Each structure stands twice: as structure tokens, then as C-alpha cells.
Amino acid sequence: MPWRTGPRARAAGIRPDPYRVWLSEIMLQQTTVAAVRPYFEAFTARWPDVTALAAAEDAEVMAAWAGLGYYARARNLLKCARAVAGEHGGVFPADHAALLKLPGIGPYTAAAVAAIAFDIPATVVDGNVERVMARLHDEPTPLPAAKPVLTRLAADLTPETRPGDYAQAVMDLGATICTPRNPACGLCPWRPSCAGWHAGTAPALPAKTPKARKPIRRGIAYLARRVDGAWLLETRPEKGLLGGMLGWPGSDWIDAAAGAPTDAPPIRAEWKTLPEEARHTFTHFHLRLEIRTALVPMDRTPERGGFVPLEEFRPADLPTVMRKAFDLARPR
């Protein structure tokens, strides 16, 4: 992984870069390593340190983040970078409590940066660590109620020596051997001590409370193209889903059971409704977007948003659900 500094390198005196550790941890929240790798490499090539990122334009960072999802992370990324640059001289504080005070850094990220970047014996607990602890101790309490118990069990094992290497080792154990399905117990160095393995309960742990069914929300996306090829786009409000991201003007997203969304076109035009709808799943709900398209003359002024010239428009800068709408509208 491009953000890792291995044990041999650390033994040779090469220290992890706190900026790269922090950036990777923010990107990896609820996202896979495979998805994060190209984004991480692009970010660090463009903004090689926290001072460079702090000086970046908001729109540039949001566009570079497009496709990673959970866009509040990108907004907090900038807030944190600017706090480190402005309040800490461009150097991440080597202190767990001070890290917790930075914007967008919660208990997990603060512990990960403290342990991995600074070898502070902080307890790092992600989903992989929770699974390893539940199986190692045969802990039957279902998640999420088990989180405090599993955190305490993880804390009891966190060493004073090389806590960064240890934290990464346990996360890697969960990611590669103690996997959610079909764990490779025969390869596990902790098998002799694993209470779940001895009891035969390991594959079923950690237990989980059944999730509630996700509701469906509906909305309308308006894709207007001017006769010169320019597209009508708007920047979404800072707060809320896709906050600060570039997107198509649209209606509010309402619960499907409440009826149809209110028609709110951003410009006077002859709107046509596509037979397909853009579908996307967020953490707490499924979204169904009705897509309306229109071709507008040069002298028409929008009530919301602004036209982006064709040569400046990059579909890759759009969040995933907005790209889905574009992909459906483009052939028409």
C-alpha cells in the first residue's frame, strides 16, 4: 500500500509521514483499499504535503474526490489541512488529544495517526479489529452494542512497543486471514489462543443486530444543455449529502411514500422525461432520480446554477449519482 512504511523500513529509521497516514485513513473510511489507491496516488502527486493541500481551491479538491463517496470527508479534509497549516505550522501534532481536536478527526482516526505515525500506544479499532477481537475472545454480544467491549479488549492487547506496527498487523490479519466469510484459521498465528476457534464459533462472529430496511427517496434531476454545448450545473449547499459538490440542479429528495417530488426546473425550457431513472444507494437510503432533459437557446438565463462551457465540463468531476444521470441523458 503506497501509504505504508513497513517494519523493516521503520527499523532502518524511516518514519511514516503523518500526512500520508492521515490522508489514507480519511480515504479508507467506508471505502476499499482497491478504490482508494488511485485516489491516494493522485492526491499525493498533486498535493504532496498538508500545506499544499491547505492552499488548494475547494472546488479542485471536491472534483478530485468525486467518486470516492461520503463527501463530507472531503470538506473535513480541507478544514483539517488548513487547521494543521494555520495552527500547527504545517506539522501534525504528535499528541493523541491534540489530534482529536482537529476538524474531521474522530477517535478512530486520531488513534490510527497517533499509533502509526508517532508510535503512541493508542488503541486502533476498525471493523477488522472488531472482528478479530470478537473471535479471539469468543464475545457473543452483537454489534453495534459490542463496540465498547471490543474496544476494551483491543486496548488490553495494545503494546507499548511498536504500537503502530501492531495496529497495522491486527488490521491486516482481519483483512486477509480473519475474514468475514471463510476465515483462514489454519494460517492464523493467533489460532492457539483463539477462544472462538476452540469453541467452533469463530465464523459466526461478530454477531450483528439485523439492519433496518433502507427507505427509498425520489427526486428529479434537470440536465439542460445550451445550443453551444454548455451544461447547466450548480454547486450543492455545503451541508447535507454531496455538500459542496458540483451537480445537476434538482428537486428535494423525498420519501417515496410521501408522494412525488415537487417539480422545480432551474430554467424555462421544454423538458422531456427519460424512460430510465438514475438509481444510487447511500448509507441510509436508496435514491431514485427521474431525469429530465432540455436543449435551451443562448439567450435563456437560469434561475439556479450556471452554464459550464463544454471544454471545461468534465463528467469525472461529478459525484457518482450525478454521473449516472449524465450517462443516461448523454445518448439523447
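Residues numbered from 1 in each chain as written. Predicted model: local features only at pLDDT ≥ 70, side-chain atom pairs only at ≥ 80, totals over all residues. Heavy atoms only, no water.

A. Quick look at the nonpolar core. In this structure, Trp 22, Phe 43, Leu 53, Trp 65, Phe 92, Met 133 and Trp 248 are the most contacted members of the largest nonpolar core, which totals 84 residues. Sorting elements by how many residues they give to this core places helix H8 (residues 107–118) first, with eight residues. (Core = buried A, V, L, I, M, F, W, Y, C linked by side-chain atoms within 4.5 Å. Buried < 20%, exposed > 50% of the residue type's maximum accessible area, 1.4 Å probe, protein only. Helix = DSSP H or I, 4+ residues; strand = E, 2+ residues; numbered from the N terminus.)

B. Local environment of empty space enclosed by the protein. Considering all chains together, one arrives at two cavities of 30 Å³ or more under this definition. In this structure, the largest cavity spans a volume of roughly 120 Å³. What lines the largest cavity is a set of 15 residues, among which Arg 135, Cys 178, Cys 185, Cys 188 and Cys 194 lie closest to the centre. The biggest single contributor to the lining of the largest cavity is helix H9 (residues 127–136), with three residues. Its residues assigned to classes, the lining of the largest cavity comprises 13 nonpolar, no polar and two charged. The volume enclosed by the second largest cavity comes to roughly 70 Å³. In terms of lining, the second largest cavity is formed by Ala 122, Thr 123, Val 124, Val 129, Met 133, Ala 154, Thr 158, Pro 163, Tyr 166, Ala 167 and Val 170. Elements with a minimum of two residues in the lining of the second largest cavity: H9 and helix H11 (163–176). The element that contributes the greatest number of residues to the lining of the second largest cavity is H11, accounting for four residues. (1 Å grid on protein atoms, 1.4 Å probe; cavity = no way out; pocket = protein on both sides within 12 Å on 5 of 7 lines; lining within 4 Å. Points joined across faces, edges and corners; volume = space filled by probe spheres on them. Nonpolar A, V, L, I, M, F, W, Y, C, P; charged D, E, K, R; others polar.)

C. Main features of the packing of H9 against helix H10 (residues 147–157). Where H9 meets H10, the closest approach of the two axes is 9 Å, and the angle between their N-to-C directions is 85 degrees. Classified by the angle their axes make, H9 and H10 are roughly perpendicular. Listed contacts from H10 to Val 129, Glu 130, Met 133, Ala 134 and Leu 136 of H9 are Lys 147, Leu 150, Leu 153, Ala 154 and Leu 157. (Axes fitted to C-alpha atoms, helices over the stretch in contact; angles between N-to-C directions. Parallel < 35°, antiparallel > 145°, perpendicular 65-115°, else oblique. Contact = heavy atoms within 4.5 Å.)

D. Representation of the pattern of salt bridges in the model. With the rule as written, the count across this model stands at 17 salt bridges. Residue Asp 165 pairs with Arg 10 through a salt bridge whose shortest N-O separation is 3.4 Å. A residue pair is termed long-range when its members are at least 10 positions apart, and Asp 165 in helix H11 and Arg 10 in helix H1 (residues 7–11) qualify at 155 residues. Classification of Asp 165 by relative accessible area gives buried; the value is 11%. One salt-bridge network, in which partners are shared between bridges, spans Arg 10, Arg 15, Asp 119, Arg 162 and Asp 165. (Salt bridge = Lys/Arg side-chain N within 4 Å of Asp/Glu carboxyl O.)

E. Examining the packing of aromatic side chains more closely. Evaluated as defined, the whole model comprises 15 aromatic pairs. Each member of the aromatic cluster is reached from another via a ring pair, and the members are Trp 231, Trp 248, Phe 313 and Phe 326. Across the ring face of Phe 285, the terminal group of Arg 217 is positioned such that the distance to the ring centre comes to 4.0 Å. Directly above the aromatic system of Phe 307 lies the positively charged group of Arg 226, at a separation of 4.7 Å from the ring centroid. (Phe/Tyr/Trp six-rings, centres within 6.5 Å; stacked < 30°, edge-to-face > 60°. Lys NZ or Arg CZ within 6 Å of the ring centre and 35° of its normal.)

F. Inspection of a positive patch on the surface at higher detail. Together, Arg 181, Lys 208, Lys 211 and Lys 214 give the surface a local cluster of positive charge. Residue position: Lys 208 is located in the loop between helix H12 (195–199) and strand S1 (216–226). For Lys 208, a relative accessible area of 63% gives the class exposed. (Patch = residues over 30% accessible without salt bridge, like charges linked within 9 Å, V, L, I, M, F, W, Y side chains within 5 Å. Areas by Shrake-Rupley, 256 points an atom, 1.4 Å probe, with all protein chains shown as cover. Lys, Arg positive; Asp, Glu negative; His and termini not counted. Charge placed at Lys NZ, Arg CZ, Asp CG, Glu CD.)

G. A look at the layout of surface pockets. Approximately 440 Å³ is the volume found for the second largest pocket. When contributions to the lining of the second largest pocket are tallied by element, the ones reaching two or more residues are helix H5 (58–65), helix H6 (72–87) and strand S2 (231–235). Among the elements that take part in the lining of the second largest pocket, H5 stands out by supplying six residues, more than any other. Its residues placed into classes, the lining of the second largest pocket shows ten nonpolar, two polar and ten charged.

H. Spotlight on H8. With twelve residues, H8 ought to run about 16 Å at 1.5 Å a step, and its terminal C-alpha atoms sit 16 Å apart, in line with that. Buried residues dominate H8, accounting for nine of its twelve residues. Every buried residue of H8 is accounted for by Thr 109, Ala 110, Ala 111, Ala 112, Val 113, Ala 114, Ala 115, Ile 116 and Ala 117. The inward-facing, buried residues of H8 contact H1, helix H2 (18–28), helix H7 (96–100) and H11. Trailing H8 by a residue or two, Asp 119 shows a phi angle of about 55 degrees, which is positive. (Expected span 1.5 Å × (residues − 1).)

I. Here's a closer look at the environment of Leu 28. With respect to the helices, strands and loops of the structure, Leu 28 is situated in helix H2. Spatially, the C-alpha atoms of Leu 28 and Arg 314 are 25 Å apart, while their sequence positions differ by 286 residues. Setting aside anything within four residues of it in sequence, one finds Leu 28 in contact with Trp 3, Val 33, Val 36 and Arg 73.

J. Up close: the environment of Asp 165. For the pair Asp 165 and Asp 119, spaced 46 residues apart in sequence, the C-alpha separation works out to 8.3 Å. Not counting residues up to four positions away in its chain, the partners in contact with Asp 165 are Pro 7 and Arg 10.

K. Representation of the side chain of Asp 126 in the model. Inspection of the secondary structure assignment puts Asp 126 in the loop between H8 and H9. One buried charged side chain, Asp 126, makes no salt bridge at all; its nearest oppositely charged neighbour is Arg 131, positioned 7.3 Å away. Within the local environment of Asp 126, its side chain forms a polar contact with the backbone nitrogen of Asn 128, the two atoms lying 3.1 Å apart. A polar atom in the side chain of Asp 126 sits 2.9 Å from the backbone nitrogen of Val 129. (Polar contact = N/O pair within 3.5 Å; in protein donor to acceptor, adjacent residues only side chain to side chain.)

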